[in-house]
Every structure is written in C-alpha cells, then in structure tokens.
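# Structural characterization, general
Spelled out from the first residue to the last, the chains are:
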Amino acid sequence: MSMFRRHGDRYVAVFAVDEVRVLRKVAAEVVGLLTDGFDHTDPVVGRLFPDAYPEDGPGSAEFRRYTEGDLKTAKIDQAGAVLAALPDEAGGEVRLDAEAAEAWLRALNDARLAMGVRLEIKDGTDLGAELDDAVAEDPSSSRVFQLSVYAYLGYLQESLLNALID
C-alpha cells in the first residue's frame, strides 16, 4: 500500500496499478456526483454541503445560494487535482507540492464522507468489525470492496497528513 513521505518540499508516494485505478474511479465519481448527479435530496450531497444554519431553513437557503457554486467548484477542482497527479494507466510516483497535497487531503475527505454516507458509517462505527462482519457474510461482496476502499482512503489521507506535519 502506498504511503506519502516528505522529500524536501514535495510529498511523494508510489502507487500500484490497482491503487491508481481505485483513486481514479473514486475521484471521477465525486466529480460526477457534483456535476451530472448533483441532487439536493441525495444524503451524500447533504453531507458534503451541510446546512449552515440547521435551525433556520431560509437562512441556510440564502447562505447556500451565495456559497454553493464556489464550494462545488472547489470540490470538483480538488478531485481534479487527484486525477491530474495520478499516473496514466500504470502505477507510478506521485509528487505533490504543498498546495496540491492540501487539495488531495480535501478530495480524499470528500470521497470518504460520500462513501461513509453510502456505507452507513457513523462516528462510532468500528470499521475493522464492520469489515470482519462483511467478510464473514460474503467475502466477495461489493460491501467488502467498498469498506476496503473506504479504509484505504483513510490510510492514504492519514499518511499524507502525517507527511505534511513532519
């Protein structure tokens, strides 16, 4: 599994072919969700764009009207930063400057938030136990794969964050 390390003013990781494919798919799905599939009734959109004033519907709507476009563009750009930095179809090295590393962190966070909603992962969820249960039920299920991707994104996010603070 890839892990980011700091090399001078760059943050570097080497990705295997399968990791590149998964990251490309996840980033592309986030872009799709924010463009073609953008639907305010989707719980994932609600998680990525929470109400600024939950107790004040009209105030939240007004805030959203002024901020949502820029926030959506930023999230698309961040997912695009992941896509742009990844090697083409093969595995290979990714070298990020500080700005790109921060975009990656935000994009990985958005992807994990989206997946967490779809997988019904809550704050207190024990991911290891959840994965063990899914494997015991059906080791070839899509849930096992999705939970594994969710865990991998968290690992990658943590390794990049640790490289940034080193």
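Refer to the structure presented above.
Residue positions within a chain follow its written sequence, with the count starting from 1. Reporting in this predicted model follows two pLDDT cut-offs: at least 70 for local features of residues, and 80 or more for side-chain atom pairs to be given and counted; totals over whole chains, interfaces and linings ignore these cut-offs and use all residues. Side-chain numbers come from the whole structure's heavy atoms, not from hydrogens or water.

### Observations regarding the nonpolar core
The condition that has to hold: As used in this record, nonpolar core signifies buried Ala, Val, Leu, Ile, Met, Phe, Trp, Tyr and Cys residues forming a set joined through side-chain atoms within 4.5 Å. Here's how the labels work: a residue is buried when its accessible area is under 20% of the maximum for its type, exposed when over 50%, partly exposed in between, all with a 1.4 Å probe on protein chains only. Comment: elements are numbered from the N terminus, with helices defined as DSSP H or I runs of at least four residues and strands as E runs of at least two.
Counting 42 residues, the largest nonpolar core has Phe 4, Phe 15, Leu 23, Trp 104 and Leu 153 as its most contacted members. Those elements that provide at least two residues to this core are β2 (10-15), α1 (17-34), α2 (43-48), α3 (57-85), β3 (92-96), α4 (98-118) and α6 (142-165). The greatest single-element share of this core, amounting to nine residues, is contributed by α6.

### Observations concerning the pattern of salt bridges
Cut-off, in case you're wondering: A pairing counts as a salt bridge when a side-chain nitrogen of Lys or Arg comes within 4 Å of a carboxyl oxygen of Asp or Glu.
The full count for this structure, using the stated rule, is eleven salt bridges. For Asp 97, the salt bridge identified is with Arg 10, shortest N-O distance 3.8 Å. Of this pair, Asp 97 sits in the loop between β3 and α4 while Arg 10 sits in strand β2, and the two are 87 residues apart along the sequence. For Arg 10, a relative accessible area of 29% translates into the label partly exposed. Put simply, Glu 29 and Lys 25 hold a salt bridge, and the shortest N to O gap is 2.7 Å. Taken together, the residues span about one helical turn, with Glu 29 and Lys 25 both in helix α1 at a distance of four residues. For Glu 29, a relative accessible area of 45% puts it in the partly exposed group.

### Quick word on the sheet that holds strand β1 (residues 5-7)
Put simply, the rule is: Note on pairing: DSSP must find at least two bridges between two strands before they are called paired. Every angle, taken between N-to-C directions, lies between 0 and 180 degrees, and every axis is a line fitted to C-alpha atoms, over only the stretch in contact when it is a helix. When checking whether two residues touch, look at their non-hydrogen atoms; a contact exists if any pair is within 4.5 Å.
What the three strands build is an open sheet, ordered β1-β2-β3; its pairing is antiparallel. Of all the strands in the sheet, just β1 and β3 have a single pairing partner and so form its edges. Each neighbouring strand pair of the sheet contributes to a mean axis angle of 35 degrees, computed without reference to strand direction. Against the sheet, α6 makes contact with β1, β2 and β3, and its axis sits at roughly 150 degrees relative to β2, the strand it touches most.

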